[in-house]
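In case you want the letters, here they are:
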Amino acid sequence: VYNSLCVVLTLWFVFWGQSVILAFCWVYIRKFQSRQESEVVSTITAICALAIALITSALLPVDIFLVSFMKYPNGTYKEWAANNETRGQIEDTVLYGYYTLYSFILFCVFLWIPFVYFYYEERDDDNVNKCSQVKNALKYTIGFAIVCVVLLLIGAFVPLEAPPGQNSTQWEKVQYLFEELGSSHGLPALSFSISSLTLIGMLAVITYTAYGMSVLPLNLIKGTRSVVYERLENTEDIDDVEHQIEKLKSKCNDGRPLSSRDRHNLQELEGKLQVLRRKGRHLEIAERNCCTKVGSALRPFKILLGIFFILVALLFTVALFISNLDKALHSAGISSGFIIFGTNLTNPLNELLLALQPVFPLDYILITVITMYFVVTSMAGIRNMGIWFFWIRLYKIRPKKTRPQALLFLCMILLLIVLHTSYMIYSLAPQYVMYGSQKYLVQMPSAGPTSGNATLGTTRICDAEAPEDQCTVTRSYLFLHKFWFFSTIYYFGNWAFIGAFLIGLVVSCCRGKKSVIEGEVEADDSDLSDDEYVH
């Protein structure tokens, strides 16, 4: 009955979890989408890409649950999982799940999103018809497709075992490469491609997730500025700018034209006055808005939530630091990818997950919350920073004013971040991500004087010292550590992540409170853009 209940709860969680993910994606994209530049194709693409990112991130907890669910707490396999063939089928199902979702990610990153992006870029030219739009978009997308094919071929034909000797014929060497490809069912090809994208995702995690982990909780704690005070301050600024404009215009009352410098200053002041008046309209709407009043009423809850988030961020940082320190002290170094099996230093997050194992499903809920936390903080980081290419700001992410290209970029970045999230979580709790809550039996000789050759069975938590047939490794771990040189880069990326988080924490602490209409009014907006707020 207990096993059936666990299965039913898991299926219920998966079904409703996917429904919630799709609903969240629709609401999130519609919240930030520009009403003036929205298009059906780009909207559907953004929603689907974001949903794929979230569903992929939810696969890791399912993977850990399935390998843990095969065994009883006493370390023995359950009746239905006692057969190696049955366990192999379950592992293959999870593997095919990774294949499917990772293939979708490759399709989105290299084909779907680039095609829609370039198609929409071509749409800005009024002289281009639909056929030309499609041709030009396909022309640019082919470049991304070639990169994808190259990565797959490199991953497929890089041998993971020793090649044949020098005396082998050329045909035997070629046959060996195809056998390598077929024996692994394409796992190295897909793993190499995904690992290459994960490197880009690592840069996005260092840039956006690290900053989001600091800015999200501190914004909740600090809150926003008072609407009444902002309106009063804005009114004073309007009066001051109007006075400066009148002073400049008074110079030409006698018929003399203004100098080029005065004309430039007058133009800047008129533009500033236009922005201030738009800001005043938005502040007036915000003051009457029910959401602003509800937000003020929920202020204590936001403070508590912000304190909780900052404590979680500090816990993650400490756990990541201990994990990296453990690798630096006890791994074989760069040549092994800093890989260690198990934990040698006490990792608080890993210990917490292991401590929650006896109470189903607390440990799975926690690992799911951790995964979603990384996604939410990544969204917060992108929302606050915008989309950058080195020092050039490409797009801003603003409620109801985000361009379709920016939403496509946002979803692509989240897809890449999700790929690196699995390694981040492995770094936070390596033993748990490898084996879940599995235990195995160890036969030890009895200590009694009359026991003779009797043995006593004791249970231990699965680790690298366990027999291979007693503990099942998660499929996620196989994808993460197929190539040692990627693991080495990820290791140094974790140190960069810790540094970026600490820098972001200092910057977020030094900044003041946000405006209640943060991101709604910018100098490059048009007066027509206010229509979507007024109506």
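Per an unreviewed UniProt entry, the protein chain goes by the name Lysosomal cobalamin transport escort protein LMBD1 and belongs to Dicentrarchus labrax. The annotation that UniProt attaches to the protein chain under Sequence similarities (unreviewed entry) is "Belongs to the LIMR family. LMBRD1 subfamily."

Trainee: Can you help me understand the overall build of the protein chain in this one?
Mentor: Across its full length, the protein chain carries 18 helices and four strands. The buried share of the protein chain, taken over its 535 residues, is 46%. In the protein chain, the proportion of contacts linking residues at least 24 apart, taken out of those at least 6 apart, comes to 78%. By element, 65% of the accessible surface of the protein chain is carried by carbon and sulfur atoms, the whole surface being about 27500 Å².

Trainee: Mind showing me how you'd approach the state of the cysteines here?
Mentor: Two cysteines joined by a covalent bond between their sulfur atoms form a disulfide. Inspection of the entire model under this criterion finds one disulfide. Between the sulfur atoms of Cys-462 and its disulfide mate Cys-471 the distance is 1.9 Å. Measuring handedness by torsion sign, the sulfur bridge of Cys-462 and Cys-471 sits at about -80° and is left-handed. Accessibility classification places Cys-462 together with Cys-471 in one group, the buried group.

Trainee: Just checking my understanding: could you explain the pairing of strand β2 (residues 392-395) for this structure?
Mentor: Looking down a regular strand, the side chains alternate between one sheet face and the other. Where strand β1 (residues 387-389) and β2 come together, three bridges link them in antiparallel fashion. Residue pairing for β2: Ile-387 is matched across the bridge by Tyr-395.

Trainee: Help me understand helix α8 (residues 227-249) in this model?
Mentor: Along an α-helix, residues three or four positions apart point the same way, because every turn accommodates 3.6 residues. Here α8 is 23 residues long and its end C-alpha atoms lie 33 Å apart, about the 33 Å a rise of 1.5 Å per residue gives. Those residues of α8 lying buried are Val-227, Glu-230, Asn-234, Ile-238, Val-241, Ile-245 and Leu-248. Between the side-chain oxygen of the N-cap and the backbone nitrogen of Val-228 there are 3.4 Å, and the N-cap of α8 in question is Ser-226.

Trainee: What is the right way to read the packing of aromatic side chains from this model?
Mentor: The relation between two aromatic rings is expressed through the spacing of the ring centres and the mutual angle of the planes. Using the criterion set out here, one finds 23 aromatic pairs in the structure. For the pair Phe-321 and Trp-495, a centre-to-centre distance of 5.6 Å together with 80° between the ring planes defines the contact as edge-to-face. Here Trp-495 lies in helix α17 (residues 484-510) and Phe-321 lies in helix α11 (residues 299-330), a separation of 174 residues in the sequence. Among the residues examined, Trp-495 registers a relative accessible area of 28% and is labelled partly exposed.

Trainee: What am I meant to see in the pattern of salt bridges here?
Mentor: Two side chains with opposite charge may pair up if their charged atoms get near one another. As enumerated under the stated definition, the model contains four salt bridges in all. For Glu-242, the salt bridge goes to Arg-277, with nearest N and O atoms at 2.9 Å. Taken together, the residues Glu-242 in helix α8 and Arg-277 in helix α9 (residues 260-288) connect sequence positions 35 residues apart. Exposure remark for Arg-277: the relative accessible area of 42% places this residue in the partly exposed category. The salt bridge partner of Glu-284 is Arg-288, with a shortest N-O separation of 3.3 Å. Of this pair, Glu-284 and Arg-288 both sit in helix α9, separated by four residues, roughly a single helical turn. Among the residues examined, Arg-288 registers a relative accessible area of 54% and is labelled exposed.

Trainee: Sorry if this is basic, but what is going on with the packing of helix α12 (residues 348-355) against helix α13 (residues 362-385) here?
Mentor: To describe two helices that pack against each other, one gives the angle between their axes and the distance between the axes. For the pair α12 and α13, interaxial distance at closest approach is 8 Å and the crossing angle is 145°. Crossing angle aside, the handedness with which α12 passes α13 is left-handed. Residues Leu-349, Leu-352 and Leu-353 of α12 pack against Asp-363, Leu-366, Ile-367 and Ile-370 of α13. Across the contact of α12 with α13, the residue classes tally to six nonpolar, no polar and one charged.

Trainee: Which parts of the structure should I look at to understand the confidence of the model for the protein chain?
Mentor: Any segment with low pLDDT has predicted coordinates that should not be analysed in fine detail. In this model, the protein chain carries an average pLDDT of 79, and 83% of its residues clear a pLDDT of 70 or more. Across the protein chain, the element-wise mean pLDDT spans from 43 in helix α18 (residues 531-534) up to 90 in α11. pLDDT under 50 marks residues 161-166. Its contacts with residues more than four places away, or in other chains, come to six contacts. This stretch, residues 526-535, has a pLDDT under 50; its non-local contacts, to residues over four places away or in other chains, come to 22 contacts.

Trainee: How should the nonpolar core be read in this particular structure?
Mentor: The tendency in soluble globular proteins is for nonpolar side chains to be buried side by side. Counting residues in each nonpolar core, the largest one holds 111 residues, and the members touching the most others are Leu-50, Phe-316, Ile-382 and Leu-415. No other element matches the 18 residues that helix α14 (residues 404-428) contributes to this core. What Leu-415 contacts, discounting residues up to four positions off in sequence, is Ala-49, Ile-52, Ala-53, Ile-105, Cys-108, Val-109 and Ile-113. Counting nine residues, the second largest nonpolar core, distinct from the first, contains Ile-238, Leu-258, Leu-266 and Leu-273.

Trainee: What exactly am I supposed to notice about α12 here?
Mentor: Among the residues of α12, Leu-349, Asn-350, Leu-353 and Leu-354 are the ones counted as buried. For α12, the buried positions fall inside an angular range of 135° around the axis, keeping them on one side. The backbone nitrogen of Leu-349 has a side-chain oxygen 3.2 Å away, supplied by the residue at the start of α12, namely Asn-347.

Trainee: Is there a simple way to explain the environment of Lys-71 in this structure?
Mentor: Residue placement: Lys-71 occurs in the loop between α3 (59-69) and α4 (84-123). Here Lys-71 falls in the buried class, since its relative accessible area comes to 4%. Counting along the chain gives 399 residues from Lys-71 to Gln-470, while the straight-line C-alpha distance between them is 9.4 Å. Residues within four places of Lys-71 in sequence aside, it is in contact with Thr-76, Tyr-77, Lys-78, Gln-438, Lys-439, Tyr-440 and Gln-470. Within the structure, Lys-71 has its side chain in polar contact with the backbone oxygen of Gly-75 (distance 3.1 Å). There is a polar contact of 2.7 Å between the side chain of Lys-71 and the backbone oxygen of Lys-439.

Trainee: I keep staring at a nonpolar patch on the surface and nothing clicks. Help me out?
Mentor: A surface patch of nonpolar side chains, amounting to about 640 Å² of accessible area, comprises Phe-389, Phe-390, Trp-391, Ile-392 and Leu-394. Here Leu-394 shows up in strand β2. Note on Leu-394: relative accessible area 39%, which makes it partly exposed.

Reading the values: rules and limits
- Residues numbered from 1 in each chain as written.
- Predicted model: local features only at pLDDT ≥ 70, side-chain atom pairs only at ≥ 80, totals over all residues.
- Heavy atoms only, no water.
- UniProt positions renumbered as here; feature names shortened; annotations may be inferred.
- Helix = DSSP H or I, 4+ residues; strand = E, 2+ residues; numbered from the N terminus.
- Buried < 20%, exposed > 50% of the residue type's maximum accessible area, 1.4 Å probe, protein only.
- Contact = heavy atoms within 4.5 Å.
- Areas by Shrake-Rupley, 256 points an atom, 1.4 Å probe, with all protein chains shown as cover.
- Disulfide = S-S within 2.5 Å.
- Pairing = 2+ DSSP bridges.
- Expected span 1.5 Å × (residues − 1).
- Polar contact = N/O pair within 3.5 Å; in protein donor to acceptor, adjacent residues only side chain to side chain.
- Phe/Tyr/Trp six-rings, centres within 6.5 Å; stacked < 30°, edge-to-face > 60°.
- Salt bridge = Lys/Arg side-chain N within 4 Å of Asp/Glu carboxyl O.
- Axes fitted to C-alpha atoms, helices over the stretch in contact; angles between N-to-C directions.
- Left-handed = near helix turned anticlockwise from the far one by under 90°.
- Nonpolar A, V, L, I, M, F, W, Y, C, P; charged D, E, K, R; others polar.
- pLDDT = per-residue confidence, 0-100.
- Core = buried A, V, L, I, M, F, W, Y, C linked by side-chain atoms within 4.5 Å.
- Arc of directions from axis to C-beta.
- Patch = residues over 30% accessible without salt bridge, like charges linked within 9 Å, V, L, I, M, F, W, Y side chains within 5 Å.

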